[in-house]
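Residues per chain, in single letters:
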Amino acid sequence: MTVPVALVDDDADLRAALTQLLTLAGHDVRMFVDAPTALAGIDRDFAGVVVTDVRMPGMSGVDLFHRLRSVDPELPVILMTGHGDVAMAVDAIKAGAWDFLTKPFPGDALAAALQRAGTARTLALENRRLREATSDGDAALLGEAPAIRRLREMVPVLADAALDLVLEGATGTGKEVYARLVHRTGRRARHRFQAVDCAALPPGIGARELFARDGLVARADRGTLFLDHLDLAPPELHHRLAQFAETRTVATEQRDPDPVDIRIIAAIGEGGAAALPPGLYHRLAGVPLRLPPLAERREDVPLLFAHLALQAARRHRRPAPPLSEAAHAAAMRDWPGNVRELERAAERFVLGLEPPPAAAAAAAVECRSLTERLEAFERTAILDAIAAAGGEIQAAITALGLPRKTFYYRVKRLGIDLRSARGR
C-alpha cells in the first residue's frame, strides 16, 4: 500500500535518509524542515500520515501533534523519539498520537507503522467523504450512475412543465420519492400532493371516491395527483382515468362537470406499461421515465447505504457507526427490494442487529453462482486497478495486462461506469 508521508525533521541527513528509504518503498514523501512549516502545509484533507521527530527547535514534534489534532483529530501522527523522550511520546499516545518509534529503529518497523496508519487514514477519509456526500438529498436519487444523474438533472425541467409523467421501476426504487420531489420543486408545491394506491381501491367504489365533486381528485386541484400501482388497477378504473386524463373534470349532480387543474404522475412496475390500455398510457406518458434498480447501479450502493445509516442513527439517537467497510460490503450483496430493502439493512446495522460486514459479504458471495462470483471478482479487480492508477485508464489497462479492446468489452459487459470509477 502506497502511503503519502509528511516527514518533519530538522536533521538534514536523517531527513534525506528517511526520504530515500520511504521513496524506494513506493511512498510519496513531502519533506518539512520544522514544525511551523509542516503546520502550514498540512490540512484536514491530507490523505496520508505525518512522521515527525520529537526534539526540534522552536515547536517540538509533540507540540506539532497537538496543533495537528485541532486541524484534524483523525490524522495519524507517528513520533520519532530518542530514549530520553519515551515518557513524552507515551503521553502523546494517550492523547491520540498513532505510534512512536525509538531511534535507531529498523526500516521495517517504520514501514509496518505506516501501513497500519495509512489504512486507518484511508478508512477515516472514506467515512468522512460518505458523511459529507450524504448530508442531504433523497436516498433514491443519490449516486453518480448515469441514469440517476439524468433523473436529477430533469427535476427542475419537469417541475413546472405542463406534462404528465409515468414513472416505471421495480418496487423500492423510489418512484413516489421522485414524484414528490418533482411536485415540491415547482409551482404546484403550495398545493396538495394527493397519493392514491390504485391497487387498493375497491372496484366500483374507488372510481366514485376519486371523481366525485369533493373526492380525492378534486382535493388536489392545482396540485399533483400521484397514481401508485396504476398497472394493478382494475379495468374499470383504467377506463375512467383515461376519460379524466382527457377532460380534467370531476362529476357534479346538479350542474356541468367541474374542471380541475391537476398534474398526474403515475407509477407502474417494471414492464407495467403492457398492463395499461394504450389510450391511457399515451395520455399520461407525456414524459416516461424509468428508475433503475440497484442491480444496475452497484457503484452507488456504498453512498446510499451510508446515507441511510446516518439517517437511522439520527432517528434512533445513536452515534453514527464507522461506515466505510459496511457500505462497501453492501455493494457485494443483491438487493431485490432495492432502496427500501437497503434502508432496512442500514437500520439493522445501526442497531447492531446486522451481521459484521465481512461476514455479510462472504455470505452473499456464497449464495451466488460461479458466474456471478467470477463477474464480481472481475469487476472488483478492474475498479481496484483504476483506483490504484489514480483514475488513469491506460495505466489500469497496463496493470491488468489486458488488450485495450478486451478491457473496454469487459467494462461494458460488467456495467462499469468509468466516470464514477475514476473518482473512487
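Residues numbered from 1 in each chain as written. Predicted model: local features only at pLDDT ≥ 70, side-chain atom pairs only at ≥ 80, totals over all residues. Heavy atoms only, no water.

## Some details on the overall build of the protein chain
The helix and strand tally for the protein chain stands at 19 helices and twelve strands. A burial count over the protein chain gives 47% of its 424 residues as buried. Across the protein chain, the fraction of contacts at a sequence separation of at least 24, relative to all contacts at a separation of at least 6, is 71%. Of the roughly 21000 Å² that the protein chain leaves accessible, carbon and sulfur atoms contribute 55%. (Helix = DSSP H or I, 4+ residues; strand = E, 2+ residues; numbered from the N terminus. Buried < 20%, exposed > 50% of the residue type's maximum accessible area, 1.4 Å probe, protein only. Contact = heavy atoms within 4.5 Å. Areas by Shrake-Rupley, 256 points an atom, 1.4 Å probe, with all protein chains shown as cover.)

## A look at the packing of helix H17 (residues 393-400) against helix H18 (residues 404-414)
The interhelical angle for the contact between H17 and H18, taken along N-to-C directions, is 105 degrees, at an axis separation of 10 Å. One way to sum up the angle between H17 and H18 is to call them roughly perpendicular. For the pair H17 and H18, the contacting residues are Ile393, Gln394, Ile397 and Leu400 in the first and Arg404, Phe407 and Tyr408 in the second. (Axes fitted to C-alpha atoms, helices over the stretch in contact; angles between N-to-C directions. Parallel < 35°, antiparallel > 145°, perpendicular 65-115°, else oblique.)

## Section: the nonpolar core
Of all hydrophobic cores here, the largest spans 30 residues; its most connected members are Val217, Leu227, Leu230 and Phe244. In terms of residue count, the dominant contributor to this core is helix H10 (residues 235-247) (five residues). Non-local contacts of leucine 227, meaning those with residues more than four positions away in its chain, are made with Val196, Cys198, Leu241, Ile264, Ile265, Ala266 and Ala267. Counting residues in hydrophobic clusters, the runner-up holds 24 residues, among them Ala313, Trp335, Leu342 and Val350. (Core = buried A, V, L, I, M, F, W, Y, C linked by side-chain atoms within 4.5 Å.)

## As for the environment of alanine 113
Assignment of secondary structure puts alanine 113 in helix H5 (residues 107-133). Along the chain, alanine 113 and aspartate 99 lie 14 residues apart, while their C-alpha atoms are 7.3 Å from each other.

## Digging into the packing of aromatic side chains
A complete count under the given rule lists four aromatic pairs for this structure. With centroids separated by 5.7 Å and ring planes inclined at 25 degrees, the aromatic side chains of phenylalanine 193 and phenylalanine 226 adopt a geometry described as stacked. Placement of the pair is phenylalanine 193 in strand S7 (residues 193-197) and phenylalanine 226 in strand S8 (residues 224-228), with a sequence separation of 33 residues. Accessibility assignment for this pair places phenylalanine 193 and phenylalanine 226 in one class, buried. Ring centres 5.5 Å apart and planes at 45 degrees place the aromatic pair phenylalanine 211 and phenylalanine 244 in the tilted group. In this pair, phenylalanine 211 is assigned in helix H8 (residues 205-211) and phenylalanine 244 in helix H10, connecting sequence segments 33 residues apart. Across this residue pair, the class does not change: phenylalanine 211 and phenylalanine 244 are buried. Above the ring of phenylalanine 211, the side-chain terminus of arginine 240 is found at 4.2 Å from the ring centroid. (Phe/Tyr/Trp six-rings, centres within 6.5 Å; stacked < 30°, edge-to-face > 60°. Lys NZ or Arg CZ within 6 Å of the ring centre and 35° of its normal.)

## Regarding helix H14 (residues 338-350)
Under the 1.5 Å per step criterion, the end-to-end length of H14 is 19 Å for 13 residues, consistent within 8% with the ideal 18 Å. For H14, the complete set of buried residues consists of Asn338, Val339, Leu342, Ala345, Ala346, Glu347, Phe349 and Val350. Contacts made by the buried residues of H14 are with helix H12 (301-315) and helix H13 (324-330). Positive backbone phi, approximately 80 degrees, marks glycine 352, located one or two places after H14. (Expected span 1.5 Å × (residues − 1).)

## Notes on the side chain of serine 60
Topologically, serine 60 is positioned in the loop between strand S3 (49-53) and helix H3 (61-71). For serine 60, a relative accessible area of 16% corresponds to the buried category. There is a polar contact of 3.1 Å between the side chain of serine 60 and the backbone nitrogen of aspartate 63. In contact with serine 60, other than residues within four places in its own chain, are Ala35 and Val54. (Polar contact = N/O pair within 3.5 Å; in protein donor to acceptor, adjacent residues only side chain to side chain.)

## Some thoughts on the sheet that holds S3
The strand order across the open sheet built from five strands is S2-S1-S3-S4-S5, with neighbouring strands paired in parallel fashion. With one partner strand each, in any of the chains shown, strand S2 (28-32) and strand S5 (99-102) form the two edges of the open sheet. Within the sheet, the average angular offset between the axes of one strand and its neighbour, ignoring direction, is 20 degrees. Pairing analysis gives four bridges linking strand S4 (residues 77-81) to S5, with the strands arranged parallel. Bridged to threonine 81 within S5 is threonine 102. On top of the sheet, helix H1 (residues 12-24) reaches strand S1 (4-8), S2 and S4; it is set at about 170 degrees to S2, its chief contact. (Pairing = 2+ DSSP bridges.)

## As for the packing of H12 against H14
Relative orientation of the contacting elements H12 and H14 amounts to 55 degrees, with a least axis distance of 8 Å. The pairing of H12 with H14 is recorded here as oblique in orientation. Seen from above, H12 lies across H14 with right-handed handedness. Along the contact surface, H12 presents Val301, Leu304, Phe305, Leu308, Ala309, Ala312, Ala313 and Arg315, while H14 presents Val339, Leu342, Glu343, Ala345, Ala346, Glu347, Phe349 and Val350. Considered class by class, the residues forming the contact of H12 with H14 number 13 nonpolar, no polar and three charged. (Left-handed = near helix turned anticlockwise from the far one by under 90°. Nonpolar A, V, L, I, M, F, W, Y, C, P; charged D, E, K, R; others polar.)

## Looking at the pattern of salt bridges
Two side chains carrying opposite charge are able to pair once their charged atoms lie near each other. Scanning all chains against the criterion turns up 16 salt bridges. A salt bridge links arginine 116 to aspartate 99, with the shortest nitrogen-to-oxygen separation between them at 3.6 Å. Note that arginine 116 is positioned in helix H5 and aspartate 99 in strand S5, a separation of 17 residues in sequence. One salt-bridge network, in which partners are shared between bridges, spans Glu144, Arg149 and Arg152. (Salt bridge = Lys/Arg side-chain N within 4 Å of Asp/Glu carboxyl O.)

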